[in-house]
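Chain and residue survey
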Amino acid sequence: FAEALHRFDWLPDLIAAGPDGATEALRLTLEWRRVFGRWNAFSWDHEVMARRVFNLACAAPALAARASDVEATGLAVDLARQARDLLGPGRPETTAERAVCAAVAGAALRGEPGRRLLERALAALSRALPLAIASDGGHASRRPDLGLSLLFDLQTLDEAMIQRGLAAPDGIQR
């Protein structure tokens, strides 16, 4: 339960509930930031953080629309910081997931910091995908749930890049 809370698994459902849900999502996100915004071994674990970064990046437009300029800037800075942390050392078997989540954050962030983050994450993802995907197209772990999750994440990244007017590298599209 705590992992789901810190991964922000609840965020897409609140955003889907409309304006009131987005307002509550912003409130909860800001409160999480106040309590857990500094490093914490549990909430900043890479596997937990990867999903939080993904969910925050996908919800960023809805959150920013309800946030003050100061709140929106703080959320963007936190998202970038967490995404950059995902690109650091971690468990090799989660490198592709972490890189795709960081890339989605890079696509969601505007300006030079977002572009640099996206470039770094795409480079890491290009190196990680051949290790995560076996020659037969299945996930290297042989777990179909992980393969499907990675596929959905890659599709989200591809769509985010299209929305920015960018083309995803061939390896990601493939």
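Below is a summary of the structure that appears in this document. Nothing here was measured: the structure is a model prediction, and the numbers come from that model.

Conventions adopted
- Along each chain, residues carry numbers from 1 onward, in the same order as the chain's sequence is written.
- Where local features are concerned, this predicted model is filtered to residues with pLDDT of at least 70; where side-chain atom pairs are given and counted, the filter is 80 or more; whole-chain, interface and lining totals use all residues.
- Excluded from the side-chain calculations are hydrogens and water; all other atoms, namely the structure's heavy atoms, are used.
- By nonpolar core is meant a set of buried Ala, Val, Leu, Ile, Met, Phe, Trp, Tyr and Cys residues that side-chain atoms within 4.5 Å join together.
- Think of it in three bands: with a 1.4 Å probe and only protein chains considered, a residue is buried below 20% of the maximum accessible area for its type, exposed above 50%, and partly exposed in between.
- A helix here means a DSSP run of H or I that spans at least four residues, while a strand means a run of E at least two residues long, and both kinds are numbered starting from the N terminus.
- Here a residue-residue contact requires only that any non-hydrogen atoms of the pair lie within 4.5 Å.
- Here the axes come from fitting lines to C-alpha atoms, over the contacting stretch only for helices, and the angles between their N-to-C directions go from 0 to 180 degrees.
- Working rule for angles: under 35 degrees goes down as roughly parallel, over 145 as roughly antiparallel, 65 to 115 as roughly perpendicular, anything else as oblique.
- Crossing handedness follows the turn of the near helix against the far one: under a right angle anticlockwise gives a left-handed crossing, and clockwise gives a right-handed one.
- Under the convention used throughout, the expected extent of a helix is 1.5 Å for every residue step, that is, one less than its residue count.
- Taken from the helix axis, the directions to the C-beta atoms give the arc we talk about.
- Aromatic pairing here means that ring centres of Phe, Tyr or Trp (its six-membered ring) are within 6.5 Å. Orientation follows from the plane angle: under 30 degrees is stacked, over 60 is edge-to-face, and everything else is tilted.
- Our definition puts a charge over a ring when NZ of Lys or CZ of Arg is within 6 Å of the ring centre and also within 35 degrees of the ring normal.
- Each patch is built from residues lacking any salt bridge and having more than 30% relative accessible area; the joining distance is 9 Å for like charges and 5 Å for nonpolar side chains (Val, Leu, Ile, Met, Phe, Trp, Tyr).
- To measure how exposed things are, a 1.4 Å probe is used in the Shrake-Rupley method; for residues, cover is taken only from the protein chains shown.
- Between Lys or Arg on one side and Asp or Glu on the other, a salt bridge is scored when a side-chain nitrogen of the former is within 4 Å of a carboxyl oxygen of the latter.

1. Some details on the nonpolar core
- Of all hydrophobic cores here, the largest spans 47 residues; its most connected members are Leu 125, Leu 157 and Ile 172.
- Counting only elements with at least two residues in this core, the list comes to α3 (19-36), α4 (46-66), α5 (69-86), α6 (95-108), α7 (111-132) and α8 (144-163).
- Residues within four places of Leu 125 in sequence aside, it is in contact with Ala 96, Ala 99, Val 100, Leu 154, Leu 157 and Ile 172.

2. Thoughts on the packing of α3 against α4
- Interaxial distance between α3 and α4 falls to 9 Å at its minimum, and their mutual angle equals 120°. Classified by the angle between their axes, α3 and α4 sit oblique to one another. As for the relative orientation of α3 and α4, their crossing is left-handed in sense. Where α3 approaches α4, its residues Pro 19, Ala 22, Thr 23, Ala 25, Leu 26, Thr 29 and Trp 32 are matched on the opposing element by Arg 52, Leu 56, Ala 62, Leu 63 and Arg 66.

3. What about α3?
- Between its first and last C-alpha atoms α3 spans 25 Å; for 18 residues at 1.5 Å apiece the expected length is 26 Å, and the two agree.
- Looking at α3, one finds that the buried residues are Gly 21, Ala 22, Ala 25, Leu 26, Thr 29 and Trp 32. Along the long axis of α3, the arc covered by the buried residues comes to 140°, so they all point the same way. Counted as exposed and oriented over 90 degrees from the buried face of α3: Pro 19, Asp 20 and Arg 34.
- Contacts made by the buried residues of α3 are with α1 (2-6), α2 (11-16), α4 and α5.

4. Quick look at the packing of aromatic side chains
- In this structure the tally under the stated criterion is 3 aromatic pairs.
- Judged by centre distance (4.8 Å) and plane angle (35°), the rings of Phe 8 and Trp 10 are tilted.
- By relative accessible area, Phe 8 is classed as buried at 0%.
- Here the aromatic cluster, defined as three or more aromatic residues joined through ring pairs, consists of Phe 8, Trp 10, Trp 32 and Phe 36.
- Over the ring of Phe 54 we find Arg 51, and its NZ or CZ is 4.6 Å from the ring centre.
- Its end group placed over the ring of Trp 44, Arg 52 keeps NZ or CZ at 5.6 Å from the ring centre.

5. Section: a nonpolar patch on the surface
- The grouping of Leu 148, Leu 151 and Phe 152 at the surface amounts to a nonpolar patch, some 280 Å² of accessible area in total.
- As for its placement among the helices and strands, Phe 152 is situated in helix α8.
- By relative accessible area, Phe 152 is classed as partly exposed at 46%.

6. Section: the pattern of salt bridges
- What the rule picks out here adds up to 14 salt bridges.
- For Asp 153, the salt bridge is made with Arg 51, and the minimal N-O distance between the two is 2.8 Å. In this pair, Asp 153 sits in helix α8 while Arg 51 sits in helix α4, placing the two residues 102 residues apart along the sequence.
- For Asp 153, a relative accessible area of 4% corresponds to the buried category.
- Close ionic contact of Glu 112 with Arg 116 constitutes a salt bridge, the shortest N to O distance being 3.8 Å. On the criterion of helical spacing, the pair formed by Glu 112 and Arg 116 is a turn pair, its members being 4 residues apart in helix α7.
- Residue class for Arg 116 comes out partly exposed when judged on its relative accessible area of 44%.
- Salt bridges sharing common partners tie together Glu 112, Arg 115, Arg 116 and Glu 119.

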